[in-house]
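Structural overview
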Amino acid sequence: MKADQFEKFKGSADYVISDALKNAVNVSIVLKRPLLVRGEPGTGKTLLSHSISVSLGKPLIRWHIKSTTKAAEGLYVYDTVQRLNDSRFGGKDVSNIKHYIKLGKLGQAFTAPEQVVLLIDEVDKADLEFPNDLLNELDEMSFYIPETDETISAKHRPVVIITSNNEKELPDAFLRRCIFHYIEFPEPPLMEEIVKVHFPDIKSTLLKEALETFYTLRKIDDFRKKPSTSELIDWIQALMASGLDGKIKDGEIPFLGTLIKKENDIDFYVTHHVKKKAQTRGYNVYGN
Amino acid sequence: MFTPFFYTLKDKKVPVSINEWMILMEALDKRLIRNMSEFYYLARAILVKSETHFDQYDIAFQEYFGGIAPPFEVTEELVQWLTDPRNRPDLTPEELAAIQKMDLEELLREFEKRLKEQKERHDGGNYWIGTGGTSPFGHSGKNPQGMLVGGPGGMRSAVRIAEQRYFRNYRDDVTLDIRQIKVALKQLRQLNRAGPEDELDLDRTIDATCKNAGELEFKWKRPRKNSIKLLLIMDAGGSMEPYADLCSQLFSAANSLSHFRAFKYYYFHNCPYDVLYSDIQQRKGEPIEHLLKVLEPDYKVIFVGDACMAYSELMDRFGDLYFHGYQKHAGIDRLKQFKSHFSHVVWLNPETSVLRSYPTVQIIAKLFPMYNLSLEGLNRAVKKLVSKL
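What counts, and at which threshold
- Residues numbered from 1 in each chain as written.
- Chains lettered and ligands numbered in written order.
- Predicted model: local features only at pLDDT ≥ 70, side-chain atom pairs only at ≥ 80, totals over all residues.
- Heavy atoms only, no water.
- Helix = DSSP H or I, 4+ residues; strand = E, 2+ residues; numbered from the N terminus.
- Buried < 20%, exposed > 50% of the residue type's maximum accessible area, 1.4 Å probe, protein only.
- Areas by Shrake-Rupley, 256 points an atom, 1.4 Å probe, with all protein chains shown as cover.
- Contact = heavy atoms within 4.5 Å.
- Salt bridge = Lys/Arg side-chain N within 4 Å of Asp/Glu carboxyl O.
- Expected span 1.5 Å × (residues − 1).
- Core = buried A, V, L, I, M, F, W, Y, C linked by side-chain atoms within 4.5 Å.
- Pairing = 2+ DSSP bridges.
- Axes fitted to C-alpha atoms, helices over the stretch in contact; angles between N-to-C directions.
- Phe/Tyr/Trp six-rings, centres within 6.5 Å; stacked < 30°, edge-to-face > 60°.
- Lys NZ or Arg CZ within 6 Å of the ring centre and 35° of its normal.
- Left-handed = near helix turned anticlockwise from the far one by under 90°.
- Nonpolar A, V, L, I, M, F, W, Y, C, P; charged D, E, K, R; others polar.
- Parallel < 35°, antiparallel > 145°, perpendicular 65-115°, else oblique.

Here we look at the overall build of chain A
- The secondary structure content of chain A amounts to 13 helices and 9 strands.
- With 288 residues in all, chain A has 48% of them scored as buried.
- When the accessible surface of chain A is totalled, it reaches about 14,000 Å², and 47% of it is carbon and sulfur.

Quick word on the overall build of chain B
- Within chain B, the secondary structure is distributed over 16 helices and 14 strands.
- Buried residues in chain B amount to 46% of all 389 residues.
- Excluding contacts between residues fewer than 6 apart, the proportion of contacts in chain B whose partners are at least 24 apart in sequence is 62%.
- Accessible surface computed for chain B: about 20,300 Å², of which carbon and sulfur atoms make up 52%.

A look at the pattern of salt bridges
- A complete count under the given rule lists 17 salt bridges over all chains for this structure.
- A salt bridge links Glu51 of chain B to Arg38 of chain A; its shortest N-O distance comes to 3.3 Å. With Glu51 of chain B in the loop between helix 3 (36-47) and helix 4 (54-66) and Arg38 of chain A in strand 1 (residues 35-39), this residue pair bridges two chains.
- Under the relative-accessibility criterion, Glu51 of chain B is labelled buried at 7%.
- Residues Arg177 of chain A and Asp139 of chain A are paired through a salt bridge, measuring 2.7 Å at the closest nitrogen-oxygen approach. Residue Arg177 of chain A is found in the loop between helix 8 (172-176) and strand 9 (179-183), and its partner Asp139 of chain A is found in helix 7 (residues 135-140); the two are separated by 38 residues along the sequence.
- Taking the relative accessible area as the measure of exposure, Asp139 of chain A reaches 33% and is therefore partly exposed.
- In this structure, a network of salt bridges that share partners links the residues Lys229, Glu296 and Asp298 of chain B.

Describing helix 2 (residues 45-56) of chain A
Residues and elements named next belong to chain A.
- Counted at 1.5 Å a residue, the expected span for helix 2 with its 12 residues is 16 Å, and the 17 Å between its end C-alpha atoms agrees.
- Lys45, Leu48, Ser49, Ser51, Ile52, Ser53 and Leu56 are the residues of helix 2 that are buried.
- Here the buried face of helix 2 lies against helix 1 (19-31), strand 1, strand 2 (60-64), strand 5 (117-121), strand 8 (159-164) and strand 9.
- Remark: Gly57 follows helix 2 within two positions and exhibits a positive phi of approximately 65°.

Describing the environment of Tyr267 of chain B
Residue and element names in this part refer to chain B.
- Of note, Tyr267 is situated in strand 9 (residues 262-268).
- Residues Tyr267 and Asp279 lie 12 residues apart in sequence; the distance between their C-alpha atoms is 6.7 Å.
- With near-sequence residues (within four places) excluded, Tyr267 lies in contact with Met234, Ala236, Leu276, Tyr277, Ser278, Asp279, Ile280 and Gln282.

Describing the nonpolar core
- Leu48 and Ile161 of chain A together with Phe5, Leu24, Phe39, Ile46 and Leu47 of chain B are the most contacted members of the largest nonpolar core, which has 84 residues in total.
- With 9 residues, the top contributor of residues to this core is helix 3 of chain B.
- In this structure Ile46 of chain B touches Val27, Leu31, Cys178 and Ile179 of chain A together with Glu20, Ile23, Leu24 and Ala27 of chain B, once residues within four positions along its chain are discounted.
- In this structure, Tyr266, Phe268, Tyr273 and Cys308 of chain B belong to the second largest nonpolar core, which totals 31 residues.

Quick word on helix 2 (residues 18-29) of chain B
- Between its first and last C-alpha atoms helix 2 of chain B spans 16 Å; for 12 residues at 1.5 Å apiece the expected length is 16 Å, and the two agree.
- Within helix 2 of chain B, burial applies to Glu20, Trp21, Ile23, Leu24, Met25, Ala27 and Leu28 of chain B.
- For helix 2 of chain B, the secondary structure elements touched by its buried residues are helix 1, helix 8 and strand 9 of chain A together with helix 1 (3-11) and helix 3 of chain B.
- Taken from the residues just after helix 2 of chain B, Arg31 of chain B is the one with a positive phi, measuring 55°.

Here's the deal with unusual backbone geometry
- One non-glycine residue with positive phi stands out, namely Met141 of chain A, at about 55°.
- Looking at where Met141 of chain A falls in the secondary structure, it is placed in the loop between helix 7 and strand 6 (142-145).

Thoughts on the sheet that holds strand 5 of chain A
All names here are of chain A.
- Here 5 strands make up an open sheet; going across it, the order is 2-5-8-1-9 and the pairing parallel. Every interior strand has two partners, whereas the edge strands, strand 2 and strand 9, have only one. Direction aside, neighbouring strands of the sheet carry axes that sit 20° apart on average.

A short note on the pairing of strand 6 of chain A
All names here are of chain A.
- The sheet contact formed by strand 6 and strand 7 (residues 150-153) spans 4 bridges and is antiparallel. Pairing of Ile145 across the sheet is with Glu150, part of strand 7.
- Between strand 6 and the antiparallel strand that follows it, strand 7, lie 4 residues; Asp149 among them carries a positive phi value of about 55°.

Some points on the packing of aromatic side chains
- Enumeration according to the criterion identifies 38 aromatic pairs over all chains in this entry.
- For the ring pair Phe6 of chain B and Tyr7 of chain B, a centre distance of 5.3 Å and an interplane angle of 85° mean the geometry is edge-to-face.
- Its relative accessible area of 7% is what places Phe6 of chain B among the buried residues.
- Three or more aromatic residues link up through ring pairs in this structure, and these residues are Phe2, Phe5, Phe6, Tyr7, Trp21, Phe39, Tyr40, Tyr41, Tyr57, Phe61, Tyr64 and Phe65 of chain B.
- Geometry around Phe185 of chain A places Arg218 of chain A over its ring, the cationic atom sitting 3.4 Å from the centre.
- Looking at Arg44 of chain B, its charged tip hangs above the ring of Phe54 of chain B, at a distance of 4.0 Å from the centre.

Describing the packing of helix 2 of chain B against helix 3 of chain B
All names here are of chain B.
- The N-to-C vectors of helix 2 and helix 3 enclose an angle of 145°; their axes lie 9 Å apart at closest approach. The handedness of the crossing between helix 2 and helix 3 is right-handed. Contacts between helix 2 and helix 3 pair Glu20, Trp21, Ile23, Leu24, Ala27 and Leu28 from the former with Phe39, Ala43, Ile46 and Leu47 from the latter.
- A class-by-class count of the residues in the contact of helix 2 with helix 3 yields 9 nonpolar, no polar and 1 charged.

Topic: the pairing of strand 9 of chain A
Residue and element names in this part refer to chain A.
- Across the 5 residues that make up strand 9, a large majority, 5, are buried.
- Burial along strand 9 is two-sided: Ile179, His181 and Ile183 facing one way and Phe180 and Tyr182 facing the other are all buried.
- Across 5 bridges, strand 1 lies against strand 9 in parallel orientation. Bridge assignment links Arg38 to a residue of strand 9, and that residue is Tyr182.

Quick word on the packing of helix 4 (residues 80-89) of chain A against helix 10 (residues 202-211) of chain B
- Relative orientation of the contacting elements helix 4 of chain A and helix 10 of chain B amounts to 15°, with a least axis distance of 11 Å. For the element pair helix 4 of chain A / helix 10 of chain B, the angle class is roughly parallel. Our pair here, helix 4 of chain A against helix 10 of chain B, has a crossing hand that is left-handed. Contacts from Thr80, Val81 and Leu84 of chain A of helix 4 of chain A reach helix 10 of chain B at Leu202, Thr205, Ile206 and Thr209 of chain B.
- Each residue belonging to the contact of helix 4 of chain A with helix 10 of chain B can be placed in one class, and the counts come to 4 nonpolar, 3 polar and no charged.

Written as structure tokens, this is what we have:
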């Protein structure tokens, strides 16, 4: 198969993407391997799957992982409590176990009538063994339900996107099967593009000043949580909504709370940076 | 193809497996890769599974491909662009001929030359290094063959990116932050059933219901909880001063992790003698004999210290530098007591220099498994702590 013979992911209008990531997505589609995406919070890991779904015109199935999620839940759940209840108090046909087998997200992706994009979001939130429990299912794209003696196999191999925040190390066996991409924090020119996608008619002066302030803040290493893209977007939205276009001055950051979320960080910023500047330049401290 | 590159990667300690190498071959076979730059990213996406190894990958890439001048598909286009009269209407044929020969080295030399000549920031235009414009140097420019100076560029030469070693800060043998320590410590766990019975035990419920002639009867079980108890014992002596930050990070990570059934910490000075201190100023002391009585043997013990001291401080009964009083036991005997009382003890050593061959370090390392206080070392220590004896 040649590279141009498959449906290629080209990015979508509302999601700015680097060439490297675009290639990684396409390779994972062609090689039929899950794509593991890692990166700082707020760099658009989750949005990537939306963009792929839009660009390829395939439905998106989202499986959000929590600390209590078990791998088996993604395949199917056998609702024994309901069946017990029905057997005691009457209800559906208890003798047919199929009534009580509910397919999980992975099961839904396998049985979908067309190829889907399956997002397994924040895989590292779950138990350490979670990814290992999914190895075979993701490899073979099928699983077996002992209760009904059925094998569910994928009619159309889904495009699998997995995101991780690196809270837990993922097992090697799992990693070996994935294509990996680390989303770097965007440099200013790319960031400009991203902002323009969200706010097509933003004034260039505001954009310039906002980005300048934003990257200055990001340079402060002592923050517990550095502001990221999603915070920048929120902040610019607030700036535009309030009509404060282009009136950001040194050290006076309106709506600071949208950029910096941790109380400690705000305190730190106000005491260490604003006051210092204010003293040397004679400004008033804003928002203290 | 490129098989030596595989071994270069292995050499640089990038954990690649044959499995992944075959995937890369498949990708090459399917002609997914058109140029060097794509190869750089795709090989990385397929072979390297953590940004902590990106730096080693860059070094390996540079070593393997750096020696070869990158296949300069660029030169041709560059020449084409340069020969286009619209771009350089005032070039003489001699100049054009000179440009045609421009290879990577010349490009680099030219770049350095212009960098020296240039005194200020420059945007737009077609000669100086800057943003925008059509000069081959700079970023965000229109010249597709150009050399990237900071910022992202469409045509970054792969070797050049590798050379920049952009991911140096992500290496896991170098840095440790609180979050990373937490991730490592979270692996310290042994799940046991404990607490109130509030989880439905399905199997027993079905059993009981059947025995009860179909009348529902619920059975409950206790949820699983982590049963690990952690004891952190840190050296707060003078020679540990350079590592104070590192130790306090380890401490705050362990302390803020509400993950252990119990967490206790103590300090000592150079070597534990009769007393451990519960504060860093070492005023509130608790006799070790008492501690060994009240702390159960299933506490997992982590010592943190450089283990560097005078031989006598460790081996002599009156070796304590700070309190020249009477001690019941020499430091080494105290450590042996820890070893015999607790089933799992490890020693984390922040000192990685020549001091690691110091005699007292050697003695202590014989007593307890000793690891570097780095992410890798911590992970290995944690594995040791949860291992079965």
